[in-house]
Amino acid sequence: MHIINRNSPCWCGSGLKYKKCHYDFDQRISYFRNQGHMVPDHDMIKTPAQIAGIRESAKVNIAVLDYVAEHIQAGVTTEEIDRWVYEQTTRCGAVPAPLHYEGFPKSVCTSVNEVVCHGIPSAGQVLKDGDIINVDCSTILNGYFSDSSRMFLIGNVTSDKQRLVEVTKECMYLGLEQVKPWNFLGDMGQAINDHATENGYQVVRDIGGHGVGIEFHEDPWISYVSTKGTDMLMVPGMIFTIEPMINMGTWEVTIDEEDDWTVRTADRKPSAQWEIQVLVTEDGHEVIAY
Ligand code: MF3
Ligand code: CO
């Protein structure tokens, strides 16, 4: 039998007695667990010191994407974007998280048109008028991880593709509205999936979001096609990504057989993605990286 000592220091590292700190919080989580819900364990709940470190990392990630936003245009190669990301990240004393991550060869993912995610920058790939591209940056600063991505329109983009990019951004923000303590990740997933399908699009199912901060990819894995009231309970101190991938056609995807990374839509129709990194706060949420 496990006896909880309410007078010993709280597990969260605050230095307060457990009964004065996370005791009521844990009781509330137990209630949801007993109702059959998935609940976060303690290592999914970041301490204030960890949150501070992750925020600093995110500042670099935001600055790197701001730099990309200022310089990206037709004629630029995705290899050049990779160089910008490497240089701007290291200039801040940080490291691009994708570099050598599970064998990924570059510092950033660049996903153009029908590429859903994990596109590998290359010198032979020149951005041209009408392209849409997702640039996905992730940073390690002092051991803390941040992760966010944005879409960019290159020159004159067809209204179909513009709408896909806009609706995908709306999906992300509708998902964000659901982020508050004691809601469920499924509340967010359903908000995203509903808006995408109402617009005639399909949400990628095989790739999702994730916890992030102490590692690049932490539990929980996050679906954006889930159902209200299901999946994990959200509680203050959790940090995760909202990064739906939305396809103009089918949700089905393929993985490039040669590089084993590049994910494309199965029907080769365009795909869009926006990603923010979010902290669940006492009364809602805080966007940590965008
Ligand atoms: N940045 C991606 C994400 O949002 C992960 C990329 S993994 C890499 O989760 F190895 F391709 F960089
Ligand atoms: Co991510």
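Criteria and cut-off values
Residues numbered from 1 in each chain as written. Chains lettered and ligands numbered in written order. Predicted model: local features only at pLDDT ≥ 70, side-chain atom pairs only at ≥ 80, totals over all residues. Heavy atoms only, no water. Donors = N, O, S within 2.8 Å, 3.2 Å for Na, K, Ca; no water. Tetrahedral: all angles 85-135°; square planar, octahedral: opposite > 155°, others 65-115°. Helix = DSSP H or I, 4+ residues; strand = E, 2+ residues; numbered from the N terminus. Buried < 20%, exposed > 50% of the residue type's maximum accessible area, 1.4 Å probe, protein only. Pairing = 2+ DSSP bridges. Axes fitted to C-alpha atoms, helices over the stretch in contact; angles between N-to-C directions. Phe/Tyr/Trp six-rings, centres within 6.5 Å; stacked < 30°, edge-to-face > 60°. Lys NZ or Arg CZ within 6 Å of the ring centre and 35° of its normal. Expected span 1.5 Å × (residues − 1). Polar contact = N/O pair within 3.5 Å; in protein donor to acceptor, adjacent residues only side chain to side chain. Contact = heavy atoms within 4.5 Å. Salt bridge = Lys/Arg side-chain N within 4 Å of Asp/Glu carboxyl O. Near = heavy atom within 4 Å. Areas by Shrake-Rupley, 256 points an atom, 1.4 Å probe, with all protein chains shown as cover. Nonpolar A, V, L, I, M, F, W, Y, C, P; charged D, E, K, R; others polar. Core = buried A, V, L, I, M, F, W, Y, C linked by side-chain atoms within 4.5 Å.

Visitor: I'd like a description of the coordination of the cobalt ion (ligand 2), backed by residues and values.
Guide: With distances of 2.1 to 2.3 Å, the protein atoms coordinating the cobalt ion (ligand 2) are D147 (OD), H210 (NE2), E243 (OE) and E275 (OE). Around the cobalt ion (ligand 2), the six donor atoms sit at angles spanning 54 to 156°, and that spread fits a shape best called irregular. Donor residues for the cobalt ion (ligand 2) sit on one chain with the sequence pattern D-x62-H-x32-E-x31-E. Taken as a pair, H210 in strand β7 (residues 209-211) and E243 in the loop between β9 (239-242) and β10 (245-247) lie far apart in primary sequence, 33 residues in all. E243 matches H210 in its accessibility class, with the two residues each being buried.

Visitor: Account for the sheet that holds strand β11 (residues 253-255), with residues named and values stated.
Guide: Ordered by their spatial adjacency, three strands build an open sheet running β3-β12-β11, and the pairing between neighbours is antiparallel. Taken across any chain shown, the strands that pair with only one partner, and hence form the sheet edges, are β3 (115-117) and β11. On average, adjacent strands in this sheet sit at an angle of 40° to one another, irrespective of strand direction.

Visitor: Outline the packing of aromatic side chains, listing residues and values.
Guide: Overall, the coordinates contain 10 aromatic pairs when judged by the stated rule. Ring centres 5.9 Å apart and planes at 10° place the aromatic pair F32 and W182 in the stacked group. Taken together, the positions of F32 in helix α1 (residues 23-34) and W182 in the loop between α4 (159-177) and α5 (185-198) put the pair 150 residues apart, joining distant regions of the chain. Arranged with centres 6.1 Å apart and planes meeting at 70°, the rings of Y67 and W84 form a pair that is edge-to-face. A residue pair is termed long-range when its members are at least 10 positions apart, and Y67 in helix α2 (residues 48-71) and W84 in helix α3 (residues 78-91) qualify at 17 residues. Y67 sits in the partly exposed class, given a relative accessible area of 25%. Among the aromatic residues, those joined into a ring-pair cluster are W11, F25, Y31, F32, W182 and F184. Across the ring face of Y23, the terminal group of R6 is positioned such that the distance to the ring centre comes to 4.5 Å.

Visitor: Give a detailed account of α1, specifying residues and quantitative values.
Guide: Between its first and last C-alpha, α1 extends 16 Å over 12 residues, near the 16 Å set by a 1.5 Å rise per residue. Every buried residue of α1 is listed here: Y23, F25, D26, I29 and F32. Of the residues one or two after α1, G36 is the one with positive phi, at around 95°.

Visitor: So what's going on with the side chain of K161? Which residues, and what values?
Guide: With respect to the helices, strands and loops of the structure, K161 is situated in helix α4. A distance of 3.1 Å separates polar atoms of two side chains, one belonging to K161 and the other to N113. Ignoring any residue separated from it by four or fewer positions in sequence, one finds K161 in contact with N113, G130, D131, I132, M248 and P270.

Visitor: Hey, could you go over the pattern of salt bridges for me, with residue numbers and the actual values?
Guide: Throughout the structure, instances matching the rule amount to eight salt bridges. Linking K128 and D131 is a salt bridge whose minimum nitrogen-to-oxygen distance equals 3.0 Å. Salt-bridge contacts for D256 lead to R264; the nearest nitrogen and oxygen are separated by 2.9 Å. Since its relative accessible area comes to 16%, D256 is described here as buried.

Visitor: Could you give me a rundown of the site of ligand 1, with the residues and numbers involved?
Guide: Around ligand 1, a shell composed of 14 residues is seen, among which P98, H210, H217, E243 and E275 lie nearest. D136 places a side-chain nitrogen or oxygen 3.1 Å from a nitrogen atom of ligand 1. One of the side-chain N or O atoms of E243 is found 2.8 Å from an oxygen atom in ligand 1. Notes on ligand 1: free accessible area 340 Å², of which the protein chains cover 96%. Partitioning the shell around ligand 1 into residue classes produces six nonpolar, four polar and four charged.

Visitor: Let's hear about the nonpolar core: which residues, and what values?
Guide: In this structure, V179, M188, L233, V235, F240, I242 and I246 are the most contacted members of the largest nonpolar core, which totals 40 residues. For this core, the secondary structure elements donating two or more residues are α1, α4, α5, β9 and β14 (276-280). The element that contributes the greatest number of residues to this core is α4, accounting for six residues. L233 has contacts with I29, F32, M38, V39, P40, W182, N183, F184 and M238, leaving out every residue within four places of it along the chain. L65, I72, V108 and V112 belong to the second largest nonpolar core, which has 19 residues in total.

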